[in-house]
Every structure is written in C-alpha cells, then in structure tokens.
Amino acid sequence: MRARVLVRPKAGILDPQGQAVERALPALGFTGVSNVHVGRLIELDVEDPAQLPQMCEALLANPLIEDYEIVADGPS
Amino acid sequence: MKFGVVRFPGSCDDVDALRAAELVGEAELLWHADRDLHGVDAVIVPGGFSYGDYLRAGAIARFAPVMESVAEFAREGGLVLGICNGFQVLCEARLLPGALLPNVSLRFVFRQVELAVARAEGPFTGACEPGERLSIPVKHTTGRFYAPDDQLDALDASGQVLLRYAPGHNPNGSLRDIAGICNEQGNVLGLMPHPEHAVDPLTGSIDGLKIFASMRVHLDDRVLAF
C-alpha cells in the first residue's frame, strides 16, 4: 500500500519555523494568514499497513513533541 | 578507570571527548556497529551529526548496535554522559526524559556560556561547588530542551536538573534554562554545552574538566567502597 505519514509539532509547543513562515508571507503581500505550522511528510510503500502506527511511535515521529497522521493512498 | 567514547558515522567531537577523558583516566573509542563495550567503566556519547541527523537529531543513532549495549549498561547503573548530539541520542533512546527542539532563533549558536551548577553532588557534578558557575561553550542548532510542564515539575522536584544556563545565557530557548539533566537514578547525564571543549587553558576555560573529574572521583569511590 502507498501511504503518507504527516508529522506535525504538537499543539502548544513553540514552533519557530511556523512563526518565521507566518511572518514572511505578509512581506510578500499575502495577508490574512495565521496559525502556520511546519511539519514533515513521509511517503512510503508498505506491505503491512497495520504496522504503520508502531513505525510512527518508534521512529517516524517523536510522540513527546509531534503528532502524526497516517493517510492511506491506495495500492502502490 | 577507563572511559569509552562512542563513534557514530557523523560524530565530530569524539576525539575531543577522548582527549578530555584521557586527562582524568584511560579512554578508548567504541565503534557504533560493535555491541562490545570493551569493559569500560563509563560511556560518553559525543557531539556531532550522527547519521547525518536525518529525520530528527539522534533518531537513527538510537538504533545503532552499540546503543543496545549502552542502554543495558545504563540500566545496570553504568555512568553514561551524552554531550550535545549525544544528549539528543539519549533522549531519543528514552534513557533521558524530554526532547531537544530547534533553537528558538532557528540559528546555529556557537558561543561561550555561563552555566550554574544546580546540584553539586553525584557522579557528574560532585567535584563542583554548590552554585558554582562554569564557563563552557555551546555549538548547536537543535538544543532547546523541552518537556511537558508536569515532567518539568517532576525534574525540578527530584533534583534531576544538574546544570542551568545562568541568567541571560540561555542560547536556545530551553525551558526553565535547563542545560543538563540526569535520569531518575542519577547515572545518565545529558547536556547541550561541551565540557570536552573546555579542558585546556589554550581555549579559554578548563571548567569542563569538572564533569570528567567528578566521574573519575565517583568511580574511584565506588571501587573503594567494595
């Protein structure tokens, strides 16, 4: 199966990357943007999608500081 | 007594750590792919960019064969010192609580900082005076110590915060100015500043020696106690 794992900084943890992007957009004339956060996208083919949560807990994300979301994209 | 200094692909402070350890005892390098700790009395996980810092700093190094042995060594009470990237590795390996996040400035910081010794006892700071200031350099991009509030309270209550950045010296936005913490048992220390770079008057400060000397004294006392 083709899958995507979206990894985000946990809510409430200071995210200076998100803040930097949020500050940069108005400088380019884009207004009305708020709540910007920068995370990570991991794409992978997996034979056993049931293992994905364990993969996330063990390596792909650090559950103390990051939330993750698994998105199934159908057959690889 | 003998120190073992781990060398991962991408370690860069291993040689300085080795040299610092040699000022207070014997020392040898431990290769990341080798499970054998060669009978060392203490392990140093040095700074650098193990496995290229891919994914998250320390995330891949945690799975190196040598780390299984280091984790077991730590569980049995062996002294483990993680410096900078080594601190990140120990947090990822859950040998220490918390995590290291990108500096608030999003910039690499490289400067001498003043550390306040929060607890001058135990294996890593026993040679320090209470409240003593240590002048030690930091050099990192991912050094902002983070733990949830309840965990920070627990760290404070149990005296696991051994080193804090002195007022005005926090280089990265670490919560509660935390520069170095130990585990509950007190035998594993992680810190972002580099004591191994502050052992020779040539580089301006020898305050880092206190950490290595504390370890030496602690291990010697343990031997005498038998």
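All residue numbers refer to position in the chain's written sequence, counted from 1. Written order determines the labels here, with chains lettered from A and ligands numbered from 1. Two thresholds apply to this predicted model, a pLDDT of at least 70 for residue-level local features and 80 or more for giving and counting side-chain atom pairs, whereas whole-chain, interface and lining totals are computed over all residues. Here the side-chain values reflect all heavy atoms present in the structure, with hydrogen atoms and water set aside.

Would you explain the side chain of Ser 69 of chain B in this entry?
By the element assignment, Ser 69 of chain B lies in helix α2 (residues 65–75). For the exposure calls, accessible area comes from a 1.4 Å probe over protein chains only, and a residue counts as buried if that area is under 20% of its type's maximum, exposed if over 50%, partly exposed in between. A residue is classified by how much of its surface remains accessible, and Ser 69 of chain B, at 14% relative accessible area, is buried. A helix here means a DSSP run of H or I that spans at least four residues, while a strand means a run of E at least two residues long, and both kinds are numbered starting from the N terminus.

What am I meant to see in the interface of chain B and chain A here?
Interface size, as often reported, equals the accessible area lost upon joining of the parts. Whether two residues are in contact is decided by their heavy atoms, any of which lying within 4.5 Å being enough. Contacts between the two partners involve 19 residues from chain B, matched on the other side by 17 residues from chain A. Throughout, the accessible surface (probe 1.4 Å) given up by two parts as they are put together, summed over both, is called the buried area. Summing both sides of the interface, chain B and chain A together bury roughly 1300 Å²; the carbon and sulfur share of this comes to 67%. On the chain B side of the interface with chain A, the three residues burying the most area are Leu 55, Arg 56 and Leu 106 of chain B, jointly 37% of the side's total. Salt bridge criterion: a side-chain nitrogen from Lys or Arg within 4 Å of a carboxyl oxygen from Asp or Glu. Where chain B meets chain A, there are 1 salt bridge.

Can you walk me through the environment of Gln 112 of chain B in this structure?
Residue and element names in this part refer to chain B. Mapped onto the secondary structure, Gln 112 falls in strand β6 (residues 109–117). Considering only alpha carbons, one finds Gln 112 and Ile 136, 24 residues apart in sequence, at a separation of 5.5 Å. Counted as a polar contact is a pair of N or O atoms within 3.5 Å, where, for protein atoms, one must be capable of donating a hydrogen and the other of accepting one, and residues adjacent in sequence contribute only when both atoms are in side chains. A distance of 3.1 Å separates the side chain of Gln 112 from the side chain of Ser 135, its partner in a polar contact.

Quick question: what am I supposed to make of the nonpolar core here?
The tendency in soluble globular proteins is for nonpolar side chains to be buried as a group. Of all hydrophobic cores here, the largest spans 68 residues; its most connected members are Val 43, Ile 44, Met 67, Val 80, Leu 81, Phe 145 and Leu 163 of chain B. Take this core: its biggest share by element is 6 residues, from α2 of chain B. Setting aside residues no more than four positions away along its own chain, Ile 44 of chain B makes contact with Phe 3, Gly 4, Val 5, Val 6, Ala 17, Ala 21, Leu 81, Ile 83 and Phe 212 of chain B. Side-chain atoms within 4.5 Å are what join buried Ala, Val, Leu, Ile, Met, Phe, Trp, Tyr and Cys residues into a set we call a nonpolar core. In terms of nonpolar packing, the next biggest core, distinct from the first, is built from 10 residues, Val 5, Val 7, Cys 56 and Leu 60 of chain A among them.

Please explain the sheet that holds strand β10 (residues 178–182) of chain B as it appears in this structure.
Within a beta sheet, neighbouring strands are joined by backbone hydrogen bonds and run either parallel or antiparallel to one another. All names here are of chain B. By the convention used here, strands pair only if DSSP detects at least 2 bridges between them. Here we have 9 strands laid out as an open sheet, ordered β2-β1-β3-β4-β11-β10-β9-β6-β7, and mixed in their pairing. Looking at the sheet topology across the chains shown, the edges are occupied by β2 (26–31) and β7 (133–140). Strand-to-strand twist in this sheet, taken as the mean axis angle between neighbours without regard to direction, amounts to 25°. Pairing analysis gives 3 bridges linking β6 to strand β9 (residues 161–165), with the strands arranged antiparallel. Within β9, the residue paired with Ala 116 across the bridge is Arg 164. To define axes, lines are fitted to C-alpha atoms, for helices over the stretch in contact only, and angles between the resulting N-to-C directions are given on a 0 to 180 degree scale.

Quick question: what am I supposed to make of the environment of Glu 114 of chain B here?
Residues and elements named next belong to chain B. In this fold, Glu 114 is placed in strand β6. Once the C-alpha coordinates of Glu 114 and Ile 136 are considered, the two residues, 22 residues apart in sequence, prove to be 6.5 Å apart. Not counting residues within four places of it along the chain, the set of residues in contact with Glu 114 comprises Arg 133, Leu 134, Ser 135, Arg 164, Tyr 165, Ala 166 and His 169.

Would you mind going over helix α1 (residues 16–27) of chain A with me for this structure?
For the α-helix, the turn length of 3.6 residues means that residues three or four positions removed from each other point alike. By this rule the span expected of a helix is its residue count minus one, scaled by 1.5 Å. Here α1 of chain A contains 12 residues, and its C-alpha end-to-end distance of 17 Å stays within 8% of the 16 Å for a straight helix at 1.5 Å per residue. Just beyond α1 of chain A, the residue with positive phi is Gly 29 of chain A, at close to 95°.

Explain the sheet that holds strand β1 (residues 2–9) of chain A here, please?
All names here are of chain A. Read from one edge of the open sheet, 3 strands run β2-β1-β3, paired in antiparallel fashion. If you trace the sheet from one side to the other, it starts and ends with β2 (40–45) and β3 (66–72), each paired once. With direction set aside, neighbouring strand axes in the sheet form an average angle of 20°. Both β1 and β3 contribute to a ladder of 7 bridges, which runs antiparallel. Considered in β3, the bridge of Arg 4 is made with Val 71. Contacts from helix α2 (residues 52–60) reach β1, β2 and β3 within the one sheet, and its direction differs from that of β3 by about 145°.

So what exactly am I meant to see when it comes to a nonpolar patch on the surface here?
Only residues above 30% relative accessible area that lack a salt bridge enter a patch, with like-charged residues linked at up to 9 Å and the nonpolar side chains Val, Leu, Ile, Met, Phe, Trp and Tyr linked at up to 5 Å. All accessible-area figures derive from a Shrake-Rupley calculation using a 1.4 Å probe, and residue coverage is judged against the displayed protein chains alone. On the surface, a nonpolar cluster with roughly 310 Å² of combined accessible area is contributed by Leu 28, Phe 30 and Val 33 of chain A. Along the chain, Leu 28 of chain A turns up in the loop between α1 and β2.

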